[in-house]
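Summary of the model geometry
Okay, here's what each chain looks like letter by letter:
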Amino acid sequence: MERVQGAREADHLEPPDPLTDREKGIIQDTWAKVYQSRDEVGVAILIRLFVNFPTAKRYFRQFRHMEEAEEMERSAQLRRHAGNVMDAINTLVENLEDEDKVASVLKLVGTNHAVRHKVEPVYFKILSGVILEVLGEEFSEMVTPEVAAVWTKLLAAVCWKITAIYEEVGWTSLSGSTV
């Protein structure tokens, strides 16, 4: 099931259009409801990522050996990282009006993942897809096609900015080919 494309993809050459005020409102309204279930949603997202894209586990020595979703769900390290992911998204969503804050958060996340953790940038795009899947399933009454399109736009912008940060820090692929 897993197919991971190379880190540099042509669909991110142009920056995505900025979110409109209406779209920012949609993101913030839906996120407020999602974030009420922060722990459960975060764990569901990471488990889905690791089950559907098991090569992503190679970046996590604490739980890379785990195969079963139930075992991952019990992992304190996975739960902690899921909380960190949810908190980072929350900071972005809360600060959609503050471009400097958003840029600062993405710079920190991008730099840490590129330089310190050596995560292939394509995993941000993969994670974005997983986030959309989980939100669509867990909050189906709220995630209408319009809401999904707005979240897709936001996550595409995040991926584009993260990729730019990877390039700024001189990222070179570890594998040199598709994973």
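Note that the coordinates shown come from a computational prediction; the quantities given were computed from them, not determined experimentally. (Residues numbered from 1 in each chain as written. Predicted model: local features only at pLDDT ≥ 70, side-chain atom pairs only at ≥ 80, totals over all residues. Heavy atoms only, no water.)

Once that is clear, we can look at helix H6 (residues 122–138). Taking 1.5 Å of rise per residue, the 17 residues of H6 would be expected to cover 24 Å, and the 24 Å separating its terminal C-alpha atoms lies within 8% of that figure. Listed in full, the buried residues belonging to H6 are Val122, Tyr123, Phe124, Ile126, Leu127, Ser128, Val130, Ile131, Val134 and Leu135. Looking at the buried positions of H6, the neighbouring elements they touch are helix H1 (21–35), helix H2 (38–52), helix H4 (76–94), helix H5 (99–116) and helix H7 (145–168). (Helix = DSSP H or I, 4+ residues; strand = E, 2+ residues; numbered from the N terminus. Expected span 1.5 Å × (residues − 1). Buried < 20%, exposed > 50% of the residue type's maximum accessible area, 1.4 Å probe, protein only. Contact = heavy atoms within 4.5 Å.)

Another point: the packing of aromatic side chains. Given two aromatic rings, one states the distance between the centres and the angle between the planes to describe the pair. Enumeration over the complete set of coordinates arrives at eight aromatic pairs. The interplanar angle of 20° and the centroid separation of 4.9 Å between the aromatic rings of Phe60 and Phe63 together place this pair among those described as stacked. Classification of Phe63 by relative accessible area gives buried; the value is 1%. Of the aromatic side chains, those joined through ring pairs into one cluster are Trp31, Tyr35 and Trp151. (Phe/Tyr/Trp six-rings, centres within 6.5 Å; stacked < 30°, edge-to-face > 60°.)

Turning to its location among the elements, Pro18 is positioned in the segment before H1. Considering only alpha carbons, one finds Pro18 and Lys153, 135 residues apart in sequence, at a separation of 8.5 Å. In this structure Pro18 touches Glu23 and Lys153, once residues within four positions along its chain are discounted.

With that out of the way, let us pick up the nonpolar core. Core analysis: the biggest nonpolar cluster contains 55 residues, and Leu49, Phe50 and Trp151 have the highest contact counts within it. Residue assignment for this core shows that the elements contributing at least two residues are H1, H2, H4, H5, H6 and H7. Counting residues per element, this core draws most heavily on H7, at ten residues. Those residues within four positions of Leu49 in sequence are excluded, and the remaining contacts are Pro54, Ala56, Ile126, Leu127 and Val130. (Core = buried A, V, L, I, M, F, W, Y, C linked by side-chain atoms within 4.5 Å.)

So, on to H7. Because each turn of an α-helix spans 3.6 residues, side chains separated by three or four positions in sequence point in the same direction. Between its terminal C-alpha atoms H7 stretches 34 Å, which fits the 34 Å expected from 24 residues at 1.5 Å a residue. Listed in full, the buried residues belonging to H7 are Val147, Val150, Trp151, Leu154, Leu155, Ala157, Val158, Cys159, Ile162, Ile165 and Tyr166. In this fold, the buried residues of H7 make contact with H1, H4, H5 and H6. Just beyond H7, the residue with positive phi is Gly170, at close to 80°.

A separate point is the packing of H2 against H4. A pair of packed helices can be characterised by two numbers: the angle between their axes and the separation between those axes. As a packed pair, H2 and H4 sit with axes 8 Å apart at the nearest point and diverge in direction by 110°. Taken together, the axis directions place H2 and H4 in an arrangement best described as roughly perpendicular. Contact residues: Arg38, Val41, Gly42, Val43, Ile45, Leu46, Ile47 and Phe50 in H2; Leu78, Arg79, His81, Ala82, Gly83, Asn84, Met86 and Asp87 in H4. Grouping the constituent residues of the contact of H2 with H4 by class yields nine nonpolar, four polar and three charged. (Axes fitted to C-alpha atoms, helices over the stretch in contact; angles between N-to-C directions. Parallel < 35°, antiparallel > 145°, perpendicular 65-115°, else oblique. Nonpolar A, V, L, I, M, F, W, Y, C, P; charged D, E, K, R; others polar.)

A few words now on the confidence of the model for the protein. Confidence in the prediction for the protein averages 90 pLDDT; 89% of positions are at 70 or higher. Ranking the elements of the protein by mean pLDDT puts helix H3 (residues 69–74) last, at 94, and H1 first, at 98. Contacts of residues 5–12 to residues separated by more than four positions or lying in other chains number 16 contacts, the stretch itself having pLDDT below 50. (pLDDT = per-residue confidence, 0-100.)

With that out of the way, let us pick up the side chain of Asn90. As for its position among the elements, Asn90 is in helix H4. Look at Asn90 and you get buried, because its relative accessible area is 10%. The contact partners of Asn90, leaving out residues within four places of it in the chain, are Trp31 and Tyr35.

Two numbers describe how H5 lies on H7: the axes approach to 9 Å, and their chain directions differ by 55°. As far as their axial angle goes, H7 and H5 are oblique. Helix-helix and strand crossings are classified by hand; for H5 and H7 the assignment is right-handed. Residue-level inspection shows Val102, Leu106, Lys107, Val109, Gly110, Thr111, His113 and Ala114 of H5 in contact with H7, the latter providing Val158, Lys161, Ile162, Ile165, Tyr166 and Glu168. Its residues assigned to classes, the contact of H5 with H7 shows eight nonpolar, three polar and three charged. (Left-handed = near helix turned anticlockwise from the far one by under 90°.)

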